[in-house]
Structure formats: structure tokens, C-alpha cells
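Geometric and topological summary
Given next are the chains, with one letter for each unit.
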Amino acid sequence: MDQSSSTISPPPYDGPPDYRVVGRHALFPQTSHDEIERINFLAQMNRHLAARVVPGVKAAYDARVAPRFASAHGRPIADRHEARKSLLQDPAFQTWSALRRLTMEQRQQAGRWTVIRQREALARIAAGLTDGDDRLTLDPTLAIPRYVSAVDHHCMPGSYHREAFDGDVANGANYDHAGFVTTGGLLGKYSDGGGHAVVKWVKRNLPDFAPRTILEIGGTVGHSSLPLAQAFPEAEMTIADLGAPMLRYGLARAKSLGVDNIRWVQASGEDLSIFPDASFDWIQTTMFLHELSTTALRNIFAETRRLLKPGGIVLHVEQPQYAPDMPLFEQAMRDWDAFYNNEPFWSRMHEMDLDAAMIDAGFDPDGLIHGGVTGVVDRDLFPDAQDDDTEDYGRKAAWHVIGAMA
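As a starting point, this report considers the structure included with it. (Residues numbered from 1 in each chain as written. Predicted model: local features only at pLDDT ≥ 70, side-chain atom pairs only at ≥ 80, totals over all residues. Heavy atoms only, no water.)

Right, let's talk about the environment of Leu226 for a bit. Residue position: Leu226 is located in helix α9 (residues 226-231). By relative accessible area, which is 5% here, Leu226 ends up buried. For Leu226 and Leu206, which are 20 residues apart along the polypeptide, the C-alpha to C-alpha distance reads 19 Å. The contacts of Leu226, once residues within four sequence positions are left out, are Arg253, Ala254, Leu257, Val259, Ile262 and Trp264. (Helix = DSSP H or I, 4+ residues; strand = E, 2+ residues; numbered from the N terminus. Buried < 20%, exposed > 50% of the residue type's maximum accessible area, 1.4 Å probe, protein only. Contact = heavy atoms within 4.5 Å.)

Okay, structure coming up:
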């Protein structure tokens with residue numbers, strides 16, 4: 001045996017943390033040993049697919065897919081649609097795509113199994129925290145638009161809004177506790193890294209901004225909203241969402257985490273006539289635009305303009321738009337969600353001219369905002385991560401910001 005080999009240390013671990021470190025609260029579902037390990041396995045699989053399998057798909061694209069297309073057509077691949085259709089014929093992409101879809105389906109099954117067995121108990125806990133609280137306003141007559149009702153978003157059964165009985169919070173609980181499979185801890189132990197990133201951006205770029213009223217449209221259970229409310233405790237925050245299970249769960253979650261300056265309102269972002277003109281200093285969406293039909297997106301932009309106070313800001317946080325400088329391979333891989341992850345509006349939204357849509361909604365072209373936010377690392381999960389604004393794969397994430405000032 002070579003003596004030198006015994007002194008070689010293994011590389012440092014760079015995968016997701018153990019699921020047991022996630023932040024828990026009064027409404028967080030109870031998880032058994034097997035349920036925890038199922039989530040751990042799926043988080044590890046997602047990490048493996050992204051960090052180790054995707055580079056192989058890229059190598060196959062460069063070595064086989066693009067040359068094969070050029071040979072057959074006498075020209076290079078021209079756009080992301082040709083790139084995606086060509087990738088579909090390659091076994092490297094087929095393998096990655098099938099495994100990624102399976103992990104998403106299994107993530108939803110794992111989350112549902114855990115929640116369904118305790119659905120009634122969770123509803124009782126939520127009722128104990130929310131009954132009689134005037135910060136929760138539900139509208140059982142609210143019509144769920146077809147672009148929501150017809151889709152189980154990212155394979156989540158019942159999407160954000162369906163409920164099995166009055167007071168049900170199951171979909172909110174599933175969305176909260178099993179999202180770790182997808183994020184692998186990337187958004188922190190309370191899945192609130194996106195919200196902390198936005199707060200950091202606002203305080204750096206608008207240091208004198210002191211909002212008194214904040215609205216988040218499509219805020220679900222409050223992952224990205226609570227950091228805003230905590231950072232500006234003198235402000236009154238409102239979350240508007242279509243899903244009653246999300247809102248019930250969200251209020252109970254917020255109260256159990258000690259955040260008390262948020263109202264939860266069941267409403268469509270397309271019609272927020274319950275609020276008068278110029279009601280909010282700050283209007284926010286976070287990874288929400290890609291789940292909207294084009295018509296709904298334009299309607300929501302118009303509502304945000306109506307609701308914004310003079311001197312206020314609108315911020316939309318999303319993954320970056322497709323642009324000529326984004327490689328076609330990356331565009332095609334990002335497009336995967338539209339075709340295989342129940343996100344039918346993903347492609348259209350990411351190719352839209354959002355600046356033009358904001359201007360059409362009535363915003364001044366000179367007031368448009370562009371920027372980037374980088375996830376705030378959770379030191380409890382990743383004590384050795386970089387402490388700067390660079391993306392640190394597996395520990396941080398980065399998003400694009402588009403918005404406007406009134």
C-alpha cells in the first residue's frame with residue numbers, strides 16, 4: 001500500500017444540510033425518521049442532478065447535439081426552441097430530464113404523505129391561532145382564474161388553492177415543509193432567503209426608504225414576506241393570495257414566529273379594488289410572475305401602478321429574462337420548467353419585454369428599476385459559505401429584479 005495515500009483527506013462536503021436543521025414553528029408538520037430520510041434523499045438527488053449531471057448534458061450538447069444539428073441543417077442552432085428539440089433526442093438530456101421530473105413528483109408525494117396523515121390536527125392548530133383574528137380575510141366566493149385552477153403548479157396536487165374541508169391548511173403545510181427538497185437549504189432554515197435578499201438590496205440602494213405600507217402579491221405562506229415585515233416593523237404589510245390554505249397557514253406560521261404586522265387577504269392580484277388608489281409605499285412579488293398568464297401579468301402590473309403611492313416602489317424578483325447574451329443551451333435548460341414542471345407560462349414570461357409591459361401599465365420609463373439580488377447565506381446551515389455578493393452554488397442563489405418607482 002502506498003503510504004502517501006493514507007494521508008489524503010476527502011474533499012469537504014458541499015451538499016445540502018440534513019433536513020433536521022430546518023426551522024420549525026407551531027404549525028410545522030411532524031416528521032418521522034423515514035419521512036425525514038426520504039426528503040434528505042430527494043434533496044441530495046436534486047443537488048446531484050444540478051451539480052454533476054447537468055455538466056454532462058452540456059458536454060453532450062457541445063460534442064453531439066449541436067454538431068449533429070449543424071450537419072443535418074447546414075447551419076448552427078438558431079434559437080432555444082431548436083436547442084431544446086435537439087436535446088430531446090440525446091440520452092444525456094433524456095436521463096437528466098426524467099430524473100428531475102421524478103424527483104419533483106416524489107417531492108410532492110413525500111410532502112403530501114406527511115401532511116395528509118395529520119391534516120385534521122394541523123387544521124385544529126391553525127384554527128387555534130387564527131380564529132377571530134381580523135388580520136385574516138377570506139373570500140369563499142372568490143373565483144379562481146383558469147390559469148391557476150387548471151394547473152397543479154410544479155406538480156403540487158391542488159396547486160395553492162384547493163382544500164378538502166373548511167379550515168384545511170394541507171397545501172400550505174406541504175408547500176412549507178417539503179420545499180427543502182427543491183432548495184436543499186439554499187433559502188435558509190425558514191425558506192426566507194429571497195426575502196432577506198430583497199431587504200438587503202432595498203437598504204443598500206434606497207437607504208432613506210421608510211415604507212409604512214407594504215403589499216406582496218402572491219405571497220403564499222409568507223416565506224419572502226416575513227423578512228420584509230421584520231425589517232420594517234413600523235410598516236403594515238399585506239399579503240394577497242388566491243389560496244385560502246396558504247393564507248390560514250401563513251398567519252398561523254407568522255404568529256408562531258412572532259411576526260405580527262402582516263394582514264392576510266384572499267384576493268386576485270388582477271383585481272385589488274378592495275384597496276383604494278395609492279394605498280402602498282412598496283409592492284412586491286417574488287418568483288410569482290412566471291405563474292401568470294400574459295393577460296393576468298399585464299392586469300397585475302396595471303393594479304400595482306394604481307395602488308402605488310407617489311415616491312413608492314414596485315419590485316418583481318424573478319430568474320433572468322432570456323436575452324441574446326444568454327447561451328442557447330442555458331435558455332433551453334431553463335425552459336424545462338415550462339414543458340415538464342407544470343409551469344406553462346414560464347417561457348412566455350421569460351421572453352417578454354417586461355420594461356415595455358411596465359411602461360404600458362403607466363410607469364415612467366425613467367423610473368424603471370433593474371438590479372440583482374443575492375441570497376443571504378444562512379450561517380446556521382452553511383457556516384463556511386462566502387460572505388459576499390457572489391453566487392456560491394449550493395449555499396446561495398441569485399435573482400433578477402425589475403421594478404419601478406412612482
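On to the pattern of salt bridges. Enumeration according to the criterion identifies 25 salt bridges in this entry. Close ionic contact of Asp335 with Arg80 constitutes a salt bridge, the shortest N to O distance being 2.9 Å. Residue Asp335 is located in the loop between α12 (328-334) and α13 (336-340), and its partner Arg80 is located in helix α2 (residues 80-87); the two are separated by 255 residues in the primary sequence. Lys309 is the partner of Asp281 in a salt bridge, and the nearest nitrogen-oxygen pair spans 3.8 Å. Taken together, the residues Asp281 in strand β5 (residues 280-286) and Lys309 in strand β6 (residues 308-318) connect sequence positions 28 residues apart. Residue classification places Lys309 among the partly exposed residues on the basis of a relative accessible area of 24%. Linked through salt bridges whose partners overlap, the residues forming this network are Arg80, Asp335, Arg348 and Glu351. (Salt bridge = Lys/Arg side-chain N within 4 Å of Asp/Glu carboxyl O.)

Moving on: the layout of surface pockets. Quantified by volume, the second largest pocket comes out at close to 240 Å³. Taken together, 17 residues make up the lining of the second largest pocket; nearest its centre are Lys189, Tyr190, Asp192, His196 and Asp378. Those elements giving two or more residues to the lining of the second largest pocket turn out to be α8 (193-205) and α9. The biggest single contributor to the lining of the second largest pocket is α9, with three residues. Looking at the lining of the second largest pocket residue by residue, the classes come out as seven nonpolar, six polar and four charged. (1 Å grid on protein atoms, 1.4 Å probe; cavity = no way out; pocket = protein on both sides within 12 Å on 5 of 7 lines; lining within 4 Å. Points joined across faces, edges and corners; volume = space filled by probe spheres on them. Nonpolar A, V, L, I, M, F, W, Y, C, P; charged D, E, K, R; others polar.)

This brings us to the pairing of β5. For β5, the buried fraction is high: seven of the seven residues fall into the buried class. Sheet topology places strand β2 (residues 213-217) next to β5; three bridges connect them, and they run parallel. In the sheet register, Glu216 faces β5, and the bridge partner there is Gln284. Pairing of β5 with β6 involves six bridges; the strand directions are parallel. Looking across to β6, one finds that Trp282 is bridged to Ile313. (Pairing = 2+ DSSP bridges.)

Right, let's get into helix α10 (residues 244-256). The terminal C-alpha atoms of α10 lie 18 Å apart, and with 13 residues this matches the ideal 18 Å at 1.5 Å per residue to within 8%. A large share of α10 lies buried, amounting to 11 of its 13 residues. Along α10, the residues classified as buried are Ala244, Pro245, Met246, Leu247, Arg248, Tyr249, Gly250, Leu251, Ala252, Arg253 and Ala254. Of the surrounding secondary structure, the elements contacted by the buried residues of α10 are α4 (119-130), β1 (136-137), α6 (170-177), α9, β3 (236-241) and β4 (262-266). Count one or two residues on from α10 and you reach Gly258, which has phi positive near 80°. (Expected span 1.5 Å × (residues − 1).)

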